[in-house]
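Examining the three-dimensional arrangement
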Amino acid sequence: MVGETVSGTGGAAGNGGPGAAAPSGSDQQNLLAGQRRALILEEVRRRGGVRVSELTRLLQVSDMTVRRDLDALARQGALEKVHGGAVPVIEGRTHEPGFEAKSGLEQSAKRGIARAAAALASPGSAVALSGGTTTWAVAGELVDLPDLTVVTNSVRVADVFHSAARTPEGGSTTVVLTGGVRTPSDALVGPVADAAIGSLHFDLLFLGVHGISAEAGLSTPNLAEAETNRHFIRSARRVVVVADHTKWGTTGLSTFAALDEVDVLVTDGGLSDEARAILEDRVPEVVIAPVV
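Residues numbered from 1 in each chain as written. Predicted model: local features only at pLDDT ≥ 70, side-chain atom pairs only at ≥ 80, totals over all residues. Heavy atoms only, no water.

With that settled, the discussion passes to the overall build of the protein. What the protein contains, in helices and strands, is eleven helices and 16 strands. When the 292 residues of the protein are sorted by exposure, 50% land in the buried category. The long-range fraction of contacts in the protein, counting pairs at least 24 apart against all pairs at least 6 apart in sequence, stands at 68%. (Helix = DSSP H or I, 4+ residues; strand = E, 2+ residues; numbered from the N terminus. Buried < 20%, exposed > 50% of the residue type's maximum accessible area, 1.4 Å probe, protein only. Contact = heavy atoms within 4.5 Å.)

Below you can see the structure in the form of structure tokens.
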């Protein structure tokens, strides 16, 4: 079973709250830098700030190693360094983090969401993938599905299929990469992208979001990306939003769709009961993906 599916009219059981799961024993000392930094980001976001001394105990690494990780994450804009530790970045509605900064967040949840979402696609389909780190994860799950036609405005997503096509096992996927102006999250947006997308028709759209809420629906800090996403939605027979629980309650500058324009939401079990109830009332199908 790929994930728990809840219809839009049914009830939902409660779920445990989010939190970084610290590895134990020698596993902590063998973490790669990317894994350590993902754990640091989860702790910062969950607790609203951490001290260097707390991270050295959690990760069982040196003070110098933690400080290097914090420096790297601060350069990416993923957190803000303060005396003795780090706190979350206070983001305005127009703040748009880069791809690298976002790719380190909620990695286990994104892998589970990607696997559950990819199971909705069928061989021979025409699918579209918007920009974003979660749709990038979905692309990795779709590479073995035969005879797909993929349209994307994401340079990163296109690279996933391009790399797979160069392997001995790869290749019956046709990939169309739209033109456009590149955003910090490596999506191509603007009139060129909009014209390309608007002339096509997709069986399935995998759509990433910056924020999702009851009041604002789906939103992004980038005005041009909002318009490009509207074109994606208009051209798709079925809209599948892929968003981990941290996107709930976040509102970007521009709304590009209401919740009732979404056919399927694939998310993780970190959603609060209140959020799940709202979503199940407004979205026909909500899939709660297991963490991978």
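Taking burial as the measure, the five residues of strand β16 (residues 285-289) include five buried ones, the bulk of the element. Note that the unit made of strand β15 (residues 264-268), helix α11 (residues 273-282) and β16 has a crossover that is right-handed. (Right-handed = clockwise from strand over helix to strand, strands pointing away.)

Now for the pairing of strand β3 (residues 79-82). In summary, the side chains of a regular strand alternate between the two faces of the sheet. Bridge count between β3 and strand β4 (residues 85-88): four bridges; the pairing is antiparallel. If you follow Glu 80 over to β4, its bridge partner there is Val 87. (Pairing = 2+ DSSP bridges.)

So, about the confidence of the model for the protein. The share of residues in the protein with pLDDT of 70 or more is 81%, and the mean pLDDT across the chain is 84. A low-confidence stretch, residues 9-29 stays under pLDDT 50, and its non-local contacts, those more than four residues away or across chains, total 36 contacts. (pLDDT = per-residue confidence, 0-100.)

Each strand in a sheet pairs with another by means of backbone hydrogen bonds, the pair being arranged parallel or else antiparallel. Overall, antiparallel pairing links the three strands, which are arranged β2-β4-β3 in an open sheet. With one partner strand each, in any of the chains shown, β2 (50-51) and β3 form the two edges of the open sheet. Relative to β4, β2 is paired through two bridges, and the arrangement is antiparallel. Paired with Arg 51 across the strands is Gly 85, a residue of β4. Contacting β3 and β4, helix α4 (residues 63-75) runs over the sheet at an angle of about 130° to β3. (Axes fitted to C-alpha atoms, helices over the stretch in contact; angles between N-to-C directions.)

On to the side chain of Asp 268. Here Asp 268 is to be found in strand β15. Although Asp 268 lies buried, it forms no salt bridge, and the closest oppositely charged side chain, Lys 247, sits 9.4 Å away as judged by the N-O distance. A polar contact of 2.7 Å, which involves the side chain of Asp 268, links it to the backbone nitrogen of His 245. Engagement of the side chain of Asp 268 in a polar contact is seen with the backbone nitrogen of Gly 270, the distance being 3.0 Å. The residues contacting Asp 268, other than those within four sequence positions of it, are Ala 109, Ile 113, Ala 243, Asp 244, His 245, Ile 288 and Ala 289. (Lys, Arg positive; Asp, Glu negative; His and termini not counted. Salt bridge = Lys/Arg side-chain N within 4 Å of Asp/Glu carboxyl O. Polar contact = N/O pair within 3.5 Å; in protein donor to acceptor, adjacent residues only side chain to side chain.)

This brings us to the sheet that holds strand β11 (residues 211-213). Sheet architecture is open: three strands sit in the order β11-β12-β14, paired in antiparallel fashion. Either end of the sheet is taken by a strand with one partner, and the two such strands are β11 and β14 (254-257). Between one strand axis and the next, the sheet turns by 40° as a mean value, whatever way the strands run. Here three bridges tie strand β12 (residues 217-220) to β14, and the two strands are oriented antiparallel to one another. Along β14, the bridge assignment pairs Leu 218 with Ala 257. Contacts from helix α10 (residues 223-234) reach β12 and β14 within the one sheet, and its direction differs from that of β14 by about 5°.

Another point: the nonpolar core. The biggest cluster of nonpolar side chains holds 27 residues, and the ones touching the most others in it are Leu 205, Leu 207, Leu 218, Val 241, Phe 256 and Leu 279. Those elements that provide at least two residues to this core are β10 (204-208), α10, β13 (239-242), β14, α11 and β16. Here the element with the most residues in this core is α10; it accounts for three residues. (Core = buried A, V, L, I, M, F, W, Y, C linked by side-chain atoms within 4.5 Å.)

Closest axis-to-axis distance for the helix α2 (residues 33-47)/α4 pair is 10 Å, and the angle between their directions is 75°. Relative to α4, the element α2 is oriented roughly perpendicular. For the pair formed by α2 and α4, the contact residues are Arg 36, Arg 37, Ile 40 and Leu 41 on the first element and Thr 65, Arg 68, Asp 69, Leu 70, Ala 72 and Leu 73 on the second. Looking at the contact of α2 with α4, its residues break down into five nonpolar, one polar and four charged. (Parallel < 35°, antiparallel > 145°, perpendicular 65-115°, else oblique. Nonpolar A, V, L, I, M, F, W, Y, C, P; charged D, E, K, R; others polar.)

For the structure on display, the rule yields one aromatic pair. Summarising the aromatic geometry, the rings of Phe 202 and Phe 232 are spaced 6.1 Å apart at their centres and angled 50° between planes, so their arrangement reads as tilted. You can see Phe 202 sitting in the loop between α9 (191-198) and β10 and its partner Phe 232 sitting in helix α10, a full 30 residues away along the chain. We classify Phe 202 as buried; its relative accessible area is 4%. (Phe/Tyr/Trp six-rings, centres within 6.5 Å; stacked < 30°, edge-to-face > 60°.)

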